[in-house]
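The chain contents come next:
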Amino acid sequence: MGTNKSLNPRPYWHVDAKWLTGILLLFLLNITFLIFILMQVTAPERGIALLTVTLASSYSAESGGMDVSGDIEIIRQKIAESPNGEW
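What you are looking at is a predicted structure, and each value in this text was computed from that prediction instead of being measured.

Enquirer: What exactly am I supposed to notice about the overall build of the protein chain here?
Expert: Broken down by element type, the protein chain carries three helices and zero strands. Counting from the amino terminus, helix and strand elements in the protein chain follow one another as α-α-α. Across the 87 residues in the protein chain, those meeting the buried criterion constitute 6%. Roughly 8400 Å² of accessible area belongs to the protein chain as shown, and the carbon and sulfur atoms make up 67% of that amount.

Enquirer: Got a minute to help me understand the pattern of salt bridges in this structure?
Expert: When the charged atoms of two side chains with opposite charge come close together, those side chains can pair. Taken as a whole and judged by the stated rule, the model has one salt bridge. A salt bridge links Arg-76 to Glu-73; the shortest N-O distance between them is 3.3 Å. On the criterion of helical spacing, the pair formed by Arg-76 and Glu-73 is a turn pair, its members being three residues apart in helix H3 (residues 69-81). We classify Glu-73 as partly exposed; its relative accessible area is 42%.

Enquirer: Explain the side chain of Ser-82 here, please?
Expert: You can see Ser-82 is positioned in the segment after H3. A residue is classified by how much of its surface remains accessible, and Ser-82, at 17% relative accessible area, is buried. From its side chain, Ser-82 meets the backbone oxygen of Ile-79 in a polar contact 2.9 Å long.

Enquirer: Even after reading the chapter, I still don't get a nonpolar patch on the surface, so can you show me in this structure?
Expert: A grouping of Leu-24, Leu-25, Phe-27, Leu-28, Ile-31, Ile-35 and Met-39 is seen on the molecular surface, where their side chains present a nonpolar patch of about 680 Å² in accessible area. Topologically, Leu-24 is positioned in helix H1 (residues 13-41).

Cut-off values and rules
- Residues numbered from 1 in each chain as written.
- Predicted model: local features only at pLDDT ≥ 70, side-chain atom pairs only at ≥ 80, totals over all residues.
- Heavy atoms only, no water.
- Helix = DSSP H or I, 4+ residues; strand = E, 2+ residues; numbered from the N terminus.
- Buried < 20%, exposed > 50% of the residue type's maximum accessible area, 1.4 Å probe, protein only.
- Areas by Shrake-Rupley, 256 points an atom, 1.4 Å probe, with all protein chains shown as cover.
- Salt bridge = Lys/Arg side-chain N within 4 Å of Asp/Glu carboxyl O.
- Polar contact = N/O pair within 3.5 Å; in protein donor to acceptor, adjacent residues only side chain to side chain.
- Patch = residues over 30% accessible without salt bridge, like charges linked within 9 Å, V, L, I, M, F, W, Y side chains within 5 Å.

Just geometry here; none of it tells us what the structure is for.
As structure tokens, this is what we get:
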């Protein structure tokens, strides 16, 4: 009674298939996480606030000039000086 060895060697294509499947699934997992993160960032609760801060800081006159009290006072003075209450 000897060992039960097969005469034909086992093909090794399954090793390559495991690597290809693993790489493909890792790529798909990364894309899924990226889409999930983008959906969470652009949700209405966060997206509106994020877009507001982004636009306000990009159009700000000074580098750190968001919500500067002096600018608000100037706007209030211009509104008070206008005949129809608009600026």
